[in-house]
Structures are given as structure tokens and as C-alpha cells.
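Chain by chain, the residues run as shown.
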Amino acid sequence: MEKPDFIHETFIATSHDRLWDALTDPETAAACHMACDKAETVEGGGMRFILPDGSTMLTQRFTKMDPKTRIESTFEPNFGEGMTKASRCVYIITPETNACKLRIEHYGTPQGQEGVAEGWARWAASAKSYLETGHAIKGFG
């Protein structure tokens, strides 16, 4: 059984539906993303995340979806020269009493993209903030 290169877990005080939308709905996904102002649906299912300058930061294509429970997708970065090799990510949502647990697993991280771990931590912090307060943490640093 393949092991992920990276795992991040967090608990978010939000509904199951709102967390699902943050992962699948372009408008909600863009609102909570730490770096992107826009997301758009891509043909075949998935999203493209757009930076403020209009360039594509990341494309994710959904490869398997278990509604409101699990999403498997490609992770196709456009982070600059040498940072464009695709890998795979999995989101697992577990409802709790007053929150949802979100587990992010990343597989097949190409050499040179190890910084994806910090990117996931930033994304998760921004998404958590947005879903709990209505305000994402944009930009960082």
C-alpha cells in the first residue's frame, strides 16, 4: 500500500457541506485560498487556481470523488521553472460533533517540490479561517 509523502490534519468548525464546497466549488475555493483570487472549473472536473496577476498557480483534476467524504485529484503546479511536475492529493472529510476533520494526503511529490508541505499548511490555515470567520488569510509573510 502506497504511503503519502505528506499528511496534514486539522479540525474546522464548519458544516460538512461548507467544507465540501471549499474543496469543490470554484467560488468558495477561491475565497478561502491563501494565494489565489479566482478558481474556475476545468473540463472533465476539477479546478484551476488563478493568481492575482492572472497566471495559473495550480490545476487539480478530480479523479475520484466519494461525495462529502473523499476527493482524489491530480496536483498540477505551475510554480515556475522545474516546478510543474504533477503529483496526487487526497482530501478526507470526517464529520465530528461540532466540526469536521480534514485530512490532506499528498503522494508522489517530485524532487524539488518538498515545499508543498508548507503550502498545504498555509492553505489549510486560510481555509479554516475563512470557514470559521468569513475571512481568509491571504498572502502570508
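Residues numbered from 1 in each chain as written. Predicted model: local features only at pLDDT ≥ 70, side-chain atom pairs only at ≥ 80, totals over all residues. Heavy atoms only, no water.

**Some thoughts on the overall build of the chain**
What the chain contains, in helices and strands, is three helices and seven strands. The N-to-C order of helical and strand elements in the chain reads β-α-α-β-β-β-β-β-β-α. Principal-axis analysis of the C-alpha atoms gives the chain an extent of 45 × 40 × 30 Å. Looking at the 141 residues of the chain, the share that counts as buried comes to 42%. Once local pairs closer than 6 in sequence are excluded, the contacts in the chain between residues at least 24 apart make up 43%. Surface exposure of the chain reaches about 7,400 Å², of which carbon and sulfur atoms provide 50%. Counting 15 positive and 20 negative side-chain charges, the chain places the centres of these two groups 3 Å from one another. (Helix = DSSP H or I, 4+ residues; strand = E, 2+ residues; numbered from the N terminus. Buried < 20%, exposed > 50% of the residue type's maximum accessible area, 1.4 Å probe, protein only. Contact = heavy atoms within 4.5 Å. Areas by Shrake-Rupley, 256 points an atom, 1.4 Å probe, with all protein chains shown as cover. Lys, Arg positive; Asp, Glu negative; His and termini not counted. Charge placed at Lys NZ, Arg CZ, Asp CG, Glu CD.)

**Focus: the packing of aromatic side chains**
A full pass over the atoms with the stated rule returns four aromatic pairs. Ring plane angle 90 degrees and centroid distance 6.0 Å describe the contact between W120 and W123, whose orientation is recorded as edge-to-face. Of this pair, W120 and W123 both sit in helix α3 (residues 116–133), three residues apart, which is roughly one turn of that helix. We note that W120, like W123, is buried. The structure contains a cluster of three or more aromatic residues connected by ring pairs, namely F75, Y91, W120 and W123. Between the NZ or CZ atom of R88 and the centre of the ring of Y107, over which it lies, the distance is 4.1 Å. (Phe/Tyr/Trp six-rings, centres within 6.5 Å; stacked < 30°, edge-to-face > 60°. Lys NZ or Arg CZ within 6 Å of the ring centre and 35° of its normal.)

**Observations concerning the nonpolar core**
The tendency in soluble globular proteins is for nonpolar side chains to be buried side by side. Core analysis: the biggest nonpolar cluster contains 32 residues, and Y91, L102, W120 and W123 have the highest contact counts within it. Among the elements that make up this core, the one with the highest residue count is α3 (seven residues). With sequence-adjacent residues up to four places away left out, W123 is seen in contact with L23, H33, M34, Y91, L102 and I104. (Core = buried A, V, L, I, M, F, W, Y, C linked by side-chain atoms within 4.5 Å.)

**A few points about the side chain of S126**
Counting through the fold element by element, S126 comes out in helix α3. Setting aside anything within four residues of it in sequence, one finds S126 in contact with C32, H33, M34, A136 and I137.

**Describing the layout of surface pockets**
Size it by volume and the largest pocket reaches roughly 270 Å³. Top element by residues in the lining of the largest pocket is α3. It accounts for four residues. Per-class residue counts for the lining of the largest pocket are 14 nonpolar, five polar and no charged. (1 Å grid on protein atoms, 1.4 Å probe; cavity = no way out; pocket = protein on both sides within 12 Å on 5 of 7 lines; lining within 4 Å. Points joined across faces, edges and corners; volume = space filled by probe spheres on them. Nonpolar A, V, L, I, M, F, W, Y, C, P; charged D, E, K, R; others polar.)

**Here's the deal with the sheet that holds strand β7 (residues 100–107)**
What the seven strands build is an open sheet, ordered β1-β7-β6-β5-β4-β3-β2; its pairing is antiparallel. Edge positions in the sheet fall to β1 (6–12) and β2 (38–41), since each has one partner strand and no second. For this sheet the average axis-to-axis angle between neighbouring strands, irrespective of direction, equals 20 degrees. Pairing geometry for strand β4 (residues 56–66) and strand β5 (residues 70–77), over six bridges, is antiparallel. Residue pairing for β5: T59 is matched across the bridge by E76. (Pairing = 2+ DSSP bridges. Axes fitted to C-alpha atoms, helices over the stretch in contact; angles between N-to-C directions.)

**Observations regarding the pairing of strand β3 (residues 46–50)**
Summarising burial for β3: four of the five residues are buried, a large majority. Pairing analysis gives four bridges linking β2 to β3, with the strands arranged antiparallel. Counted as the bridge partner of K38 is I50 from β3. Counted between consecutive antiparallel strands, the loop separating β2 from β3 contains four residues, among which G44 sits at a positive phi close to 90 degrees. Bridge count for β3 against β4 is five bridges, and the pairing is antiparallel. The residue of β4 that forms the bridge with M47 is Q60.

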